[in-house]
Amino acid sequence: MTKKLTDTERADALSTLPLWSPVQGRDAISRSIRFKDFNAAFGFMSRVALMAEKLDHHPEWSNVYNRVEIILSTHDAGGLSERDIALARFIDAAAASA
């Protein structure tokens, strides 16, 4: 089972993820990303989906035209874990190269 980050681990990890925000009322982080168009957004989501499968860790997300809203939290850990941080870093890199 994946363990939830301690307060110190959480603060340290989030200091390296400036584009992510805490989710009100949950131990989760979120990010909204806008792309040039729907194709760019969908291509990004496809890349993230492949990595999510590899990590066996899946985001909560939605897509409307060129906007992708993402929430990360590890449900079986009851909050943020290293799995969320790893996926957030991948998402940031994938968004930067889209």
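Look up a bit, the structure's there.
Just so you know, these numbers come straight off a predicted model, no measurement behind them. (Residues numbered from 1 in each chain as written. Predicted model: local features only at pLDDT ≥ 70, side-chain atom pairs only at ≥ 80, totals over all residues. Heavy atoms only, no water.)

A. Local environment of the overall build of the chain. The secondary structure content of the chain amounts to three helices and four strands. The linear arrangement of helices and strands in the chain, starting from the amino end, is α-β-β-α-β-β-α. What you see for the chain is a C-alpha radius of gyration of 13 Å, in line with the 13 Å of a compact globule of 98 residues. Dimensions of the chain along its principal axes, counting C-alpha atoms only, are 40 × 25 × 20 Å. Within the chain, the fraction of its 98 residues that count as buried is 40%. Here the analysis covers contacts within the chain between residues at least 6 apart in sequence; of these, 65% occur between residues at least 24 apart. Put simply, the chain has 12 plus and 13 minus side-chain charges, and the middle of one group is 6 Å from the middle of the other. (Helix = DSSP H or I, 4+ residues; strand = E, 2+ residues; numbered from the N terminus. Rg over C-alpha atoms; globule rule 2.2 N^0.38 Å. Buried < 20%, exposed > 50% of the residue type's maximum accessible area, 1.4 Å probe, protein only. Contact = heavy atoms within 4.5 Å. Lys, Arg positive; Asp, Glu negative; His and termini not counted. Charge placed at Lys NZ, Arg CZ, Asp CG, Glu CD.)

B. Broad picture of a nonpolar patch on the surface. Taken together, the side chains of Phe38, Phe42, Val64 and Tyr65 present a nonpolar region at the surface, about 410 Å² in accessible area. Along the polypeptide, Phe38 turns up in helix H2 (residues 38-55). (Patch = residues over 30% accessible without salt bridge, like charges linked within 9 Å, V, L, I, M, F, W, Y side chains within 5 Å. Areas by Shrake-Rupley, 256 points an atom, 1.4 Å probe, with all protein chains shown as cover. Salt bridge = Lys/Arg side-chain N within 4 Å of Asp/Glu carboxyl O.)

C. Structural view of the nonpolar core. Ranked by size, the top nonpolar core spans 22 residues in total, and within it Trp20, Ile29, Phe44, Ile70, Leu72 and Ile91 carry the most contacts. Put simply, the parts of the chain that give this core at least two residues each are helix H1 (7-14), strand S2 (29-34), H2, strand S4 (67-72) and helix H3 (82-96). Looking at this core element by element, the count peaks at six residues for H3. (Core = buried A, V, L, I, M, F, W, Y, C linked by side-chain atoms within 4.5 Å.)

D. Fine view of the pairing of strand S3 (residues 60-64). Here S3 pairs with S4 via five bridges, running antiparallel. Across the sheet, Trp61 pairs through a bridge with Ile70, a residue of S4. In this antiparallel pair of consecutive strands, S3 and S4, the connection spans two residues, and Tyr65 shows a positive phi of 50°. (Pairing = 2+ DSSP bridges.)

E. Inspection of the packing of aromatic side chains at higher detail. A full pass over the atoms with the stated rule returns two aromatic pairs. Geometrically, the ring pair formed by Phe35 and Phe44 is tilted, given 4.9 Å between the ring centres and 35° between the ring planes. (Phe/Tyr/Trp six-rings, centres within 6.5 Å; stacked < 30°, edge-to-face > 60°.)

F. Spotlight on H3. If you check H3, its first and last C-alpha atoms are 21 Å apart, about what 15 residues at 1.5 Å a residue would give, namely 21 Å. Where H3 is concerned, the buried positions are Asp84, Ile85, Leu87, Ala88, Ile91, Asp92, Ala94 and Ala95. Those residues of H3 hidden inside the fold are in contact with H1, S2, H2 and S4. (Expected span 1.5 Å × (residues − 1).)

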